[in-house]
Amino acid sequence: MKNIMIINGPNLNLLGLREPEIYGSETMEDCMLRLRRTYTDYELEYFQSNHEGDIIDEIHRCAFPDAECAGIILNAGAYTHTSLAIADAIAAVNVPVIEVHISNVAAREAIRHTSLIAPVCRGVIAGFGLDSYRLGIEALLNL
Ligand code: DQA
């Protein structure tokens, strides 16, 4: 069975508690339960880290042949706007990456309008709450 890897970056371990007016009150565990029930033909793996290097290591790991990874759904959190290193990691691997955001970053502060990773991702989904992850998987499966 092929894997789909969902990677969350910094502060996304606090979903459900963190600024619920922006990110909602659902936890990522609830979201993963729903996704695993929906996409039974794939192994849905989840990785979260607050550390840039760990996210890069995980992206590399997805490219190993034994990872059997169909693609990555990546919410890099604030690293989206700052991390050339994560952008380089995405460019280095031959695995499709879909950038997702819970909030509509285009409607927020100007600093969030820039994504360093968008040019190396297959596309971007933002603003649909935790449903952005499902929409990301749909986009991946339709590539
Ligand atoms: C976010 C948007 C980022 O700007 C922010 O730093 C996050 C979450 C989102 O999912 O809406 O941590 O990626």
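See the structure shown above.
What counts and how
Residues numbered from 1 in each chain as written. Predicted model: local features only at pLDDT ≥ 70, side-chain atom pairs only at ≥ 80, totals over all residues. Heavy atoms only, no water. Helix = DSSP H or I, 4+ residues; strand = E, 2+ residues; numbered from the N terminus. Rg over C-alpha atoms; globule rule 2.2 N^0.38 Å. Buried < 20%, exposed > 50% of the residue type's maximum accessible area, 1.4 Å probe, protein only. Contact = heavy atoms within 4.5 Å. Areas by Shrake-Rupley, 256 points an atom, 1.4 Å probe, with all protein chains shown as cover. Arc of directions from axis to C-beta.

**Q** Describe the overall build of the protein, and please don't skip the residues or the numbers.
**A** On a plain count of helices and strands, the protein comes out with five helices and five strands. Each helix and strand of the protein, ordered N terminal to C terminal, gives the series β-α-α-β-α-β-α-β-β-α. For a compact globule of 143 residues, the expected C-alpha radius of gyration is about 15 Å, and the protein comes in at 14 Å, within 12% of that figure. With the C-alpha coordinates aligned to their principal axes, the bounding extent of the protein is approximately 40 × 35 × 25 Å. With 143 residues in all, the protein has 43% of them scored as buried. Put simply, 77% of the contacts in the protein that link residues at least 6 apart link residues at least 24 apart. Summed over all atoms, the accessible surface of the protein reaches about 7,100 Å², with 52% contributed by carbon and sulfur.

**Q** If you had to explain helix 2 (residues 28-38) to someone new, which residues and values would you point to?
**A** Count 3.6 residues to each turn of an α-helix, and residues three or four apart come out pointing the same way. Within helix 2, the full set of buried residues consists of M28, C31, M32 and L35. The arc that holds the buried residues of helix 2, viewed along the axis, is 100°, so those residues lie on one side. Within helix 2, the exposed residues directed more than 90 degrees away from the buried face are E29 and R37. For helix 2, the elements touching its buried residues are strand 1 (3-8), strand 2 (43-48) and helix 5 (131-141).

**Q** I'd like to hear about the environment of D54, residue by residue, with values.
**A** On the secondary structure map, D54 appears in helix 3 (residues 52-62). Separated by 36 residues in sequence, D54 and R18 have C-alpha atoms that sit 22 Å apart. In this structure, D54 is in contact with F47 and S49, ignoring residues within four places of it in sequence.

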